[in-house]
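Here's the letter readout for the chains.
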Amino acid sequence: MAMKQAEDLREKYLRQSMFPTIFCDGCGIGNVLNYTLWAIDEIELDIDRTVFVSGIGCSSRLTGYVNADGLHTTHGRALAFATGVKVANPDLTVIVFTGDGDGSGIGGNHLLHTIRRNIDMTVILVNNYTYGMTGGQVAPTTPMGSITTTTPYGNSEWPLDVCEVARALGAPYVARWPVTFPYQPIKSIEQGIRKRGFALIEMLAPCPTAYGRRNNLRALDQSWKWYKDHSLLVEEYERIERFGTDAERATLQGKIKVGVFQDSERECFSDQWRAVVERVKLKA
Ligand SMILES: Cc1ncc(C[n+]2csc(CCOP(=O)(O)OP(=O)(O)O)c2C)c(N)n1
Ligand code: SF4
């Protein structure tokens, strides 16, 4: 069998008329798109029964490039629209592209309640630590101390960890990978789409233009090395946290937990809704 090539996938799944993309050189959003295409091809997803939904932002532009039904909605409301699509058409596969600002800032409330309801969808949240499209303001995910246009002396807020929030809320599938991991994001996107229930895949992606250049991460090799040096598998991180010596625990400073945070089963909204409908029918 011929080896799959990224070019073939682009040909097969993307709207050629939309090229070139809006993405800057070195932006990680294109990697996220490539991993998604690879995953949907691996699982032979029926693209005609799939809807891609996004909000507003550089990362939210991804829906426009995929040659499938899609909704490019309003800022922060991707999950509300996606919920509507899924609840009205439970047999469709729903995939959301969102940014850290779109999905966890202005859209943070929708994130909580979509997970709480366990709506069956796959959310690919691109976390580039900033509001890229509007020039690099501080986001809820911006690391402490980072320089942004609105924190010129360094961010003084604790960042939000969306994977920890999703895990605590019982999301059936939760994973985080930097784009520098070429294989694991594909596996997680596949697992997320296959999962019955809410799946969150947070992708850490460089934004050299709005974030990187203010934080010594402008060059591609600098940012890719940074993700490599700062990533630690969640199992290893939590083992050290619980059982490590003081010296080992000190090594966790500045490290980012990556990997699969949660892979479990929980009845999703559509199942519970069907049960209600059946009960009502029986009574009638
Ligand atoms: C209601 C509303 N508020 C603010 C904006 C301006 N705006 C557009 S994109 C954006 C930030 C996007 O950040 P993020 O979701 O992290 O995506 P990125 O561009 O970094 O990929 C903002 C604040 C808007 N379009 N609508
Ligand atoms: S501003 Fe940042 S997130 Fe937006 S396209 Fe450029 S590098 Fe990517």
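Caption draft 1: Molecular detail of the packing of helix 2 (residues 29-42) against helix 8 (residues 184-194). Closest axis-to-axis distance for the helix 2/helix 8 pair is 8 Å, and the angle between their directions is 55°. Here helix 2 lies oblique to helix 8, going by the angle between them. Crossing angle aside, the handedness with which helix 2 passes helix 8 is right-handed. Residues Tyr-35, Thr-36, Trp-38, Ala-39 and Glu-42 of helix 2 form the contact with helix 8, whose participating residues are Pro-185, Ile-186, Ile-189, Glu-190 and Ile-193.

Caption draft 2: How the structure looks around the nonpolar core. Residues Ile-29, Val-32, Val-96, Ile-124, Leu-200 and Met-203 are the most contacted members of the largest nonpolar core, which totals 67 residues. For this core, the element with the highest residue contribution is helix 2, accounting for eight residues. Those residues within four positions of Ile-124 in sequence are excluded, and the remaining contacts are Val-32, Thr-36, Ile-95, Val-96, Phe-97, Ile-189, Ile-201 and Met-203.

Caption draft 3: Summary view of the pairing of strand 10 (residues 256-263). The sheet contact formed by strand 7 (residues 173-178) and strand 10 spans four bridges and is antiparallel. Residue pairing in the sheet places Val-174 in a bridge with Gln-262 of strand 10.

Caption draft 4: Region of the structure containing helix 8. Among all positions of helix 8, only Pro-185, Ile-186, Ser-188, Ile-189, Glu-190, Gly-192 and Ile-193 are buried. Those residues of helix 8 that are buried lie in contact with helix 2, strand 3 (93-99), strand 4 (121-127), strand 7, strand 8 (198-204) and strand 10.

Caption draft 5: Spatial organisation of the site of ligand 1. Close to ligand 1 lie 17 residues, the nearest being Gly-57, Gly-99, Gly-101, Asp-102 and Gly-132. Broken down by element, the residue count for the shell around ligand 1 peaks at three residues, all from helix 5 (residues 100-105). Split by residue class, the shell around ligand 1 holds six nonpolar, nine polar and two charged.

Caption draft 6: Just unusual backbone geometry, in detail. Across the junction of Phe-19 and Pro-20, the peptide omega takes the value 0°, indicating a cis bond. Its place among the elements puts Pro-20 in the loop between helix 1 (6-13) and helix 2. In this structure, Asn-118 takes a positive phi of about 55° despite not being glycine. One can find Asn-118 in the loop between helix 6 (108-117) and strand 4.

Caption draft 7: Summary view of the sheet that holds strand 4. As summarised here, the arrangement of the eight strands in space is 2-1-3-4-8-7-10-9, forming an open sheet in which the pairing is mixed. The open sheet terminates on both sides in strands that have one partner only, identified here as strand 2 (69-72) and strand 9 (231-233). Between one strand axis and the next, the sheet turns by 20° as a mean value, whatever way the strands run. Across four bridges, strand 1 (residues 50-54) lies against strand 2 in parallel orientation. In the strand pairing of strand 2, Ser-54 is matched with His-72. Relative to the sheet, helix 4 (residues 78-88) contacts strand 1, strand 2, strand 3 and strand 4, its axis offset from that of strand 3 by approximately 175°.

Caption draft 8: Highlighting the environment of Thr-98. Mapped onto the fold, Thr-98 is located in strand 3. With 141 residues separating them along the chain, Thr-98 and Arg-239 place their C-alpha atoms 31 Å apart. Among all residues touching Thr-98, those that are not within four sequence positions of it are Ser-54, Gly-55, Ser-59, Ser-60, Ala-78, Gly-103, Gly-107, Val-123 and Leu-125.

The rules we used
Along each chain, residues carry numbers from 1 onward, in the same order as the chain's sequence is written. Key to labels: chains lettered from A, ligands numbered from 1, both in the order written. Two thresholds apply to this predicted model, a pLDDT of at least 70 for residue-level local features and 80 or more for giving and counting side-chain atom pairs, whereas whole-chain, interface and lining totals are computed over all residues. To get an axis, a line is fitted to the C-alpha atoms, and for a helix only the part in contact is used. The angle between two axes follows their N-to-C directions and goes from 0 to 180 degrees. In this text, helices come from DSSP runs of H or I with a minimum length of four residues, and strands from runs of E with a minimum of two, each type numbered from the N-terminal end. Just so you know how the angles are binned, under 35 degrees is roughly parallel, over 145 roughly antiparallel, 65 to 115 roughly perpendicular, and the rest oblique. Throughout, a crossing is termed right-handed when the near helix is turned clockwise from the far one, and left-handed when it is turned anticlockwise from it by less than a right angle. It is the C-beta atoms, placed from the backbone, that decide contacts: two residues are in contact if theirs lie within 7 Å. Nonpolar core, as used here: buried Ala, Val, Leu, Ile, Met, Phe, Trp, Tyr and Cys residues forming one set through C-beta atoms within 7 Å. Put simply, a residue is buried when 20 or more other C-beta atoms lie within 10 Å of its own C-beta and exposed when 12 or fewer do; between those, it is partly exposed, and each C-beta is set from the backbone. Strands qualify as paired when DSSP identifies two bridges or more between them. Any residue whose C-beta atom, as placed from the backbone, lies within 6 Å of a molecule or strand is termed near it. Under the grouping applied here, Gly and all other residues not named as nonpolar or charged are polar, the nonpolar ones being Ala, Val, Leu, Ile, Met, Phe, Trp, Tyr, Cys and Pro and the charged ones Asp, Glu, Lys and Arg.

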